[in-house]
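# Reading the structure
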Amino acid sequence: MTNAAFRRTNLEALVEAQGATRATPPLLLPADPYFDLAGEEFGRRLLLTTATTGAEYCLRPDFTLPIVTDYIANGVGQPAAFSYLGPIFRQREDGPAEFDQAGIELLAQPDGDVALDQVFTFARAALDMFGVSPNIRLGGVGLFEALLAQADMPAPWRSRIRHRFGHPEALERLLKRLAVSHDTKPQKQPSRADLVTDITEQMVAAGLSLAEGRTPEEIADRYLEKQALNDAHVPAETLALLHEYLAISGPVLQSLTRIEALAASRRLMLGAPIRAIRRHLNGLGEARVTFDASFSPRLDYYTGIVFEMTGRTGDVLASGGQYDRLLERLGAQAPIAASGCSVWIDRLEAEFRQ
Amino acid sequence: MTGITLAVPSKGRLEELTREWFAANGLVITRPGGARSYLGAIEGLPEVTVRFFPASEIARELIRGNVDFGVTGRDLIHETSETGPQSVAIARPLGFGNADVVVAVPDAWIDVTRMHDLADVASDFRSRHGRWLRIATKYITITRQHFARFGIAEYRIVESLGATEAAPASGVADIIVDITTTGSTLTANALRVLEDGVLLQSEACLIVSRTAKFSARRRAQLDSVLSRLGAEVSL
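If you're wondering where the values come from, they're calculated on a predicted model, not measured in any experiment. (Residues numbered from 1 in each chain as written. Chains lettered and ligands numbered in written order. Predicted model: local features only at pLDDT ≥ 70, side-chain atom pairs only at ≥ 80, totals over all residues. Heavy atoms only, no water.)

### A few points about the overall build of chain B
- Across its full length, chain B carries 9 helices and 12 strands.
- Contacts in chain B between residues at least 24 apart in sequence constitute 68% of all its contacts with a sequence separation of at least 6.
- Element-wise, carbon and sulfur atoms account for 48% of the exposed surface of chain B, whose accessible area totals about 9,700 Å².
- Of the charged side chains in chain B, 26 are positive and 27 negative, and the gap between their average positions amounts to 7 Å. (Helix = DSSP H or I, 4+ residues; strand = E, 2+ residues; numbered from the N terminus. Contact = heavy atoms within 4.5 Å. Areas by Shrake-Rupley, 256 points an atom, 1.4 Å probe, with all protein chains shown as cover. Lys, Arg positive; Asp, Glu negative; His and termini not counted. Charge placed at Lys NZ, Arg CZ, Asp CG, Glu CD.)

Okay, here's the thing in structure tokens:
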């Protein structure tokens, strides 16, 4: 017998079987932490309500944030594992909607590789219950960061490029801008002290606080840096390398081989992050696995390896990866290994019915 | 339902200009109860009911399909709902109420001249100042859409329902997204529009709802009024 209730029961059993604490965060949560973590882009998906005090609350839009916040509040350091299954709420094109999500969060695990394998296994087991043999798309945040760190370019460009990773249009625009050669002679720049004096005068005249937001020194430094960067080109070979790398997308083994060849020809040391990806491939078995060099969530706390699983409809059924910077962003004192994923139960059910 | 409903701005300059524009095209909008009445008519067209609304409510009612056609600003259609532009059809721009929705930063930010500069500033603002870059605006939907397009995610919106240009000086926000016609208010407040910071060029338009249900008869009534106004739509 296979009906929705039966699949649901199986999924419950899978969630319970993770050797993890079953987490049930409240449905009503303060909205501010979500805006703080993910910005307005995610904020527009929230279902908001306002307390009589004016404080904003939202219906739980995901499980990760409350689980991780609670973990930090109870003192970090001990390895912990959480699993969840329940409703989340998000705005969609055609109105607010309630979805069921299941997932796991593995925090401060001694071996990040083992943890990520457990995440993959969980996601695949969940998809399997719905008869889905997924297409798995892998992305390498750690790999891109390693490549960027070694690519020849003036240092300030690195953070600008990293910041746009995962947003192909913005990254493409930046690379295009970098490719335009500036034939202008380096102009003589005003001294930093003069700039600071000028900016301070302007800010005071406009009634701007000199301490609350951007300071005159910060503006002057970025102004000088920008002028210097206009003269400090990213070498054409580096741009070609980035383009070539970001265009790599296809069956995982083929893609990794191409990246290895690219690394060898450019004398880049990418062995460690490539091996990290290879270590997980056996566990993924017969699934169709692709590696997409430009794939990354648009959230800067992701690290290492990220993934998405899709089925016949192309909808993302499961997504997750490693996010070692998340706990730090939420108040922990140092990076703490974290990995996890969530699966979209409604989409799985729709996939099953197809 | 028989007959069609036209929504007209209920007060101020926009009401005057709308009624003048209709009159110039041979249709006289009457408001029998004066400025406090919210129902009107068009002389000689009994099938058209005129309802007077604030401009932002006209946008909302058009998007929801509660009125059939009306006059409001393009900016309000974009702001009222992410799906606003798909939910209506612009029958024709009316040539008044022109204004731009723009991104403006303090003059003193000499290093920020384009949106990509803002992307850089936003990306490490939090690590420098312990908070997100704050943008004061009443155009929340438009800001979110366009900043996403520029790849800027690291900011918070502070909703501002008036005197937005004063927000940087009062410390409420770092920069603003606001509507401007001549830019003089911005200049007076030592703010500067970014070179590629025009998010939307707006003007008053005659707009038809795509979500309203048009029977053949009502559609014919609509087309007849539109053609007298030199406008047409495909819905």
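Moving on from the model shown.
### Considering the environment of glycine 84 of chain B
Residue and element names in this part refer to chain B.
- Inspection of the secondary structure assignment puts glycine 84 in helix α4 (residues 84–87).
- For glycine 84, a relative accessible area of 0% corresponds to the buried category.
- In contact with glycine 84, not counting residues within four places along its chain, are Ile63 and Ile77. (Buried < 20%, exposed > 50% of the residue type's maximum accessible area, 1.4 Å probe, protein only.)

### Side note on the nonpolar core
- Counting residues in hydrophobic clusters, the biggest one holds 103 residues, and the most contacted among them are Leu138, Tyr245 and Leu327 of chain A.
- The leading source of residues in this core is helix α4 (residues 112–129) of chain A, at 8 residues.
- Of the domains in this structure, domain 1 (1–113 + 125–133 + 342–354) and domain 2 (135–181 + 234–310) of chain A are the two that each give at least three residues to this core.
- Setting aside anything within four residues of it in sequence, one finds tyrosine 245 of chain A in contact with Gly140, Leu143, Phe144, Leu147, Ile259, Leu262, Phe291 and Ala293 of chain A.
- One finds Trp109, Leu118, Phe150 and Ile175 of chain B within the second-largest nonpolar core, a separate group that totals 37 residues. (Core = buried A, V, L, I, M, F, W, Y, C linked by side-chain atoms within 4.5 Å. Domains from an automatic or database assignment.)

### A word on the pairing of strand β10 (residues 175–180) of chain B
Residue and element names in this part refer to chain B.
- Among the 6 residues in β10, 5 count as buried, and that is most of the element.
- Pairing of strand β7 (residues 99–106) with β10 involves 5 bridges; the strand directions are antiparallel. Residue pairing across strands places valine 101 opposite isoleucine 179, the latter belonging to β10.
- Across 3 bridges, the pairing between strand β8 (residues 133–137) and β10 is parallel. When the bridges of β10 are listed, threonine 137 appears paired with valine 177. (Pairing = 2+ DSSP bridges.)

### Points about the domain arrangement of chain A
Residues and elements named next belong to chain A.
- Split into domains, chain A comes out as domain 1 (1–113 + 125–133 + 342–354), domain 2 (135–181 + 234–310) and domain 3 (192–231).
- For domain 1 and domain 2, the distance between their C-alpha centroids amounts to 28 Å.
- Domain 1 puts 5 residues into the contact, and the matching count from domain 2 is 7 residues.
- Carbon and sulfur atoms make up 52% of the surface buried where domain 1 meets domain 2, a total of about 530 Å² over both sides.
- Interface area lost by domain 1 to domain 2 is led by Leu37, Asp113 and Ser133, which between them contribute 69%.
- Counting every contact that joins domain 1 to domain 2 gives 1 salt bridge.
- With a shortest N-O distance of 2.5 Å, aspartate 113 and arginine 279 are connected by a salt bridge.
- Our count for the contact surface shared by domain 1 and domain 2 stands at 3 residue pairs in polar contact (both at pLDDT 80 or more).
- Secondary structure elements with two or more residues in the side of domain 1 that touches domain 2: α2 (32–43) and α4. (Buried area = accessible area lost by both parts, 1.4 Å probe. Salt bridge = Lys/Arg side-chain N within 4 Å of Asp/Glu carboxyl O. Polar contact = N/O pair within 3.5 Å; in protein donor to acceptor, adjacent residues only side chain to side chain.)

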